[in-house]
Amino acid sequence: MIDANTLKKETEKRLTFAIISHPDAGKTTITEKLLLFGGAIHTAGAVKSSKNTKATTSDFMKMEQERGISISTSVMGFDYGGRRFNLLDTPGHADFSEDTYRGLSAVDSSLMVIDSVKGVEERTRQLCAVCKMRKTPIVTFVNKLDREGKEPIELLDEIEKELAITVTPLTWPIGQGKDFKGVYHVADKTLHLFKGGQTKLPVEVIDIPSIMSDELDSYVGSTFAAKLREEVEMISAVYPPFELDSYLAGTVSPVCFGSALNNFGVGELLDTLIKIAPSPLIKEADTRVVHPDEEQFSGFVFKIHANMNPRHHDRIAFLRVCSGVFERNKLYKHVRSGKTFRSSNPTAFMSQDREIIDQAWPGDIIGLHDTGNLKIGDTLTEGEDIQFKGIPNFAPQIFRTILNADPLKEKQFHKGLNQLAEEGVIQIFTKLHQPNVRILGVVGQLQLEVLQSRLETEYNAECRYEPIDVSLARWINCEDKKKLKAFVTANERKILQDVAGNYVFITDSAWALNRIQELNKEISFYITSEMRN
């Protein structure tokens, strides 16, 4: 029996956050450097390029290593500064939005990485909007100060305008590119000088009596000192001082500057997260909110991954602990099925590396070995019938009929297709008037390539696609089930069913969708499978 004080202490130690950014902003690099500074690894993999094929720790799948992008959310844990970090490195590529959105449902805060050269980019806008929708606190790290980029003031104005979020700089850069000297810590009034190179600690921290003292000039030169004084005076007048409550409410984002590739600013960023990032927060369920300090265990599955170790063809369900303590070999209720669930070898993650654990606390993300009983969105409890919210499927934007390319591999083809659909890599639908025809739905083109690659490498199966004249899909529902059935019958050729049996209306244009909605006011159309607009 776990006492309340131990539960409170362990919960408050947890810091569960996601790293979000546009591709190539340096997200995976900063993930590696956080692990390096946190002591979880001893050598960080360099950013992948055509000249360097060394794979980073978090990108473990073959296609990730070949293309130099994150395709699947990776989970990593480490201890630093008295706190337990649970870090999610999410895919930056838009084609894998669903995996990222589901990952964001499992965290309590986010670290947003912005390229100082390119500024705010499209994926950054989308991901920040999701965080704001969930009121997730965001710390912003402006990366690549070792390159010539936009002026810091210009960047902050762009962040506020493009992302509709107030910012407050915690540090301020002194120069950039070849003239990058370091940063001034606004709150601590300390100078952090950049020593160059990729040493683990490329920084010298200096206390100066005042930003107005001549001592500043001796470290950075009179020209840079004068500019720093002018800019610090300006930002102090323009941007609000840091307030913890505003950050935790998700209305203000503190900003730090640095260069992840050169390790500069990473240690300071970790220290900032330790000080301000929230411990596990309450999670919303269908009938009530769940507090992390509740004695009874509860948690939800937000991700499933088959073949993390291809040699063993394992299937892992990623579970976020929301309340109480998850204990190894203890029986829990699988709410969707009503059956019991027991895990004899729950695991904690360090990318591919895993270790069996006996307990997990609120905020922890653990892996549960599964034979196909668990699905994304499932809830486990000690008996209560609740269902956590916020883990939907999104309406696909690309559709294909999928066919087995090798009749001799029928079993492998269907097994792979079903398992990858359960992971959320793709969505599978069936036609009402042709139930043997399987329709594939994805958010982005790259998902089709990922499916083909994984079928081949993990299941020894091949597939081919045929085009289908569909570009829009909406889940449908109606309180009057007779009217829903009548609508489905009248539009049978434009109705699909998802794996859960829900009806989905498909069409080839926005005009056609609007027209059908106008003519059927009693039918509700939804962009997600949670049946919410």
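Below: a short report on this structure. Just so we're clear, the structure is a prediction, and the values are computed from it rather than from any experiment.

1. Quick word on helix α13 (residues 481–490)
Then comes step 1: Buried within α13 we find Leu-484, Phe-487 and Val-488. Looking straight down α13, one finds that the buried residues subtend no more than 100 degrees of arc, so they occupy a single side. Structural note: α13 exposes Lys-482, Thr-489 and Ala-490 on the side pointing more than 90 degrees away from its buried face.
Then comes step 2: Along its buried surface, α13 packs onto β28 (472–477), β29 (495–497), β30 (503–507), α14 (510–519) and β31 (524–526).
Then comes step 3: The backbone nitrogen of Lys-482 has a side-chain oxygen 3.0 Å away, supplied by the residue at the start of α13, namely Asp-480.

2. Some remarks on empty space enclosed by the protein
Then comes step 1: All chains considered together, the criterion is met by 2 cavities of 30 Å³ or more.
Then comes step 2: Lining the second largest cavity are 13 residues, and of these Thr-171, Cys-256, Phe-257, Gly-265 and Glu-268 lie nearest its centre.
Then comes step 3: Breaking the lining of the second largest cavity down by element, the ones donating at least two residues are β8 (182–185), β11 (252–257) and α10 (266–276).
Then comes step 4: Element by element, the count of residues in the lining of the second largest cavity is highest for α10, at 3 residues.
Then comes step 5: When its residues are assigned to classes, the lining of the second largest cavity shows 7 nonpolar, 5 polar and 1 charged.

3. Section: the environment of Leu-88
Then comes step 1: Relative to the elements of secondary structure, Leu-88 occurs in strand β3 (residues 83–89).
Then comes step 2: Separated by 277 residues in the primary sequence, Leu-88 and Ile-365 place their C-alpha atoms 9.4 Å from one another.

4. Digging into the nonpolar core
Then comes step 1: Judged by nonpolar contacts, the single largest core of 58 residues is most densely connected at Leu-156, Ile-159, Leu-191, Leu-216, Leu-228 and Phe-257.
Then comes step 2: The element contributing the most residues to this core is helix α6 (residues 152–163), with 5 residues.
Then comes step 3: When we break this core down by domain, the ones giving at least three residues each are domain 1 (17–74 + 109–277) and domain 2 (284–381).
Then comes step 4: Apart from residues no more than four positions distant in its own chain, Leu-156 is found in contact with Val-167, Pro-169, Trp-172, Tyr-239, Val-255 and Phe-257.
Then comes step 5: Ala-25, Ile-41, Phe-78 and Phe-141 belong to the second-largest nonpolar core, a separate cluster that totals 29 residues.

5. Considerations on the sheet that holds strand β25 (residues 427–431)
Then comes step 1: Spatially, β27-β24-β26-β25-β29-β30-β28-β31 is the arrangement adopted by the 8 strands of the open sheet, whose pairing is antiparallel. Both edges of this open sheet fall to β27 (463–467) and β31, since each of them pairs with a single strand only. Strand-to-strand twist of the sheet, defined as the mean angle between neighbouring strand axes without regard to direction, takes the value 45 degrees.
Then comes step 2: Taken together, the 4 bridges between strand β24 (residues 398–404) and strand β26 (residues 438–442) define a ladder with antiparallel strand orientation. Bridge pairing in β26 links Arg-400 to Leu-440.
Then comes step 3: Where α13 meets the sheet, its contacts fall on β28, β29, β30 and β31, and the angle it forms with β28 comes to roughly 150 degrees.

6. A few points about the environment of Phe-394
Then comes step 1: If you trace the backbone, Phe-394 turns up in the loop between β23 (379–381) and β24.
Then comes step 2: Here Phe-394 falls in the partly exposed class, since its relative accessible area comes to 24%.
Then comes step 3: For the pair Phe-394 and Trp-475, spaced 81 residues apart in sequence, the C-alpha to C-alpha distance is 9.5 Å.

7. A short note on the pattern of salt bridges
Then comes step 1: In total, this model carries 28 salt bridges according to the counting rule given.
Then comes step 2: For Glu-12, the salt bridge identified is with Lys-8, shortest N-O distance 2.7 Å. Of the two residues, Glu-12 and Lys-8 are both situated in helix α1 (residues 4–13); the distance of 4 residues between them amounts to about one turn of the helix.
Then comes step 3: Residue class for Glu-12 comes out partly exposed when judged on its relative accessible area of 42%.

8. Description of the packing of aromatic side chains
Then comes step 1: The tally for this structure, following the rule as stated, stands at 16 aromatic pairs.
Then comes step 2: With centroids separated by 4.8 Å and ring planes inclined at 10 degrees, the aromatic side chains of Phe-78 and Phe-85 adopt a geometry described as stacked. Taken individually, Phe-78 and Phe-85 each receive the classification buried, so the pair is uniform in this respect.
Then comes step 3: For the pair Phe-300 and Phe-388, a centre-to-centre distance of 5.5 Å together with 45 degrees between the ring planes defines the contact as tilted.

9. As for the pairing of strand β7 (residues 171–174)
Then comes step 1: With burial as the criterion, each face of β7 is covered, one bearing Thr-171 and Pro-173 and the other bearing Trp-172 and Ile-174.
Then comes step 2: Pairing of β7 with β8 involves 4 bridges; the strand directions are antiparallel. Opposite Ile-174, over in β8, you have Gly-182 as the bridge partner.

Parameters and conventions
- Residue positions within a chain follow its written sequence, with the count starting from 1.
- Given that this is a predicted model, residues contribute local features only at a pLDDT of at least 70 and side-chain atom pairs are listed and counted only at 80 or more, while totals for whole chains, interfaces and linings are drawn from all residues.
- Only hydrogens and water are removed before side-chain values are computed, so all heavy atoms of the structure are retained for them.
- Throughout this description, buried means an accessible area under 20% of the type-specific maximum (1.4 Å probe, protein chains only), exposed means over 50%, and partly exposed covers the range between.
- Numbered from the N terminus, helices here are DSSP runs of H or I no shorter than four residues, and strands are runs of E no shorter than two.
- Arc definition: it is the arc formed by the directions from the helix axis to the C-beta atoms.
- Contact between two residues is taken to exist if any of their heavy atoms lie within 4.5 Å; hydrogens are not considered.
- Polar contacts, as counted here, are pairs of nitrogen or oxygen atoms within 3.5 Å of one another; within protein the pair requires one atom able to donate a hydrogen and one able to accept it, and residues that are adjacent in sequence qualify only if both atoms are side-chain atoms.
- With a 1 Å grid spanning the protein atoms alone, the term cavity applies to any set of points in which a 1.4 Å probe fits but cannot get out, the term pocket to an open set with protein on both sides within 12 Å along at least five of seven lines, and the term lining residue to any residue with an atom within 4 Å of a point.
- Grid points are joined across faces, edges and corners, and a volume is the space filled by probe spheres set on the points.
- Under the scheme applied, nonpolar residues are Ala, Val, Leu, Ile, Met, Phe, Trp, Tyr, Cys and Pro; charged residues are Asp, Glu, Lys and Arg; polar residues are all the others, including Gly.
- Here, the term nonpolar core denotes a set of buried Ala, Val, Leu, Ile, Met, Phe, Trp, Tyr and Cys residues that are joined through side-chain atoms within 4.5 Å.
- Residue ranges for the domains originate in an automatic or database domain assignment.
- Strands are labelled as partners when DSSP assigns at least two bridges between them.
- Angles shown run from 0 to 180 degrees and are taken between the N-to-C directions of axes, each axis being a line fitted to C-alpha atoms and, for helices, limited to the stretch in contact.
- Salt bridges are counted wherever a side-chain nitrogen of Lys or Arg sits within 4 Å of a carboxyl oxygen of Asp or Glu.
- Any pair of Phe, Tyr and Trp rings, taking the six-membered ring for Trp, is counted once the centres come within 6.5 Å. Such a pair is stacked with planes under 30 degrees apart, edge-to-face with planes over 60 apart, and tilted for the rest.

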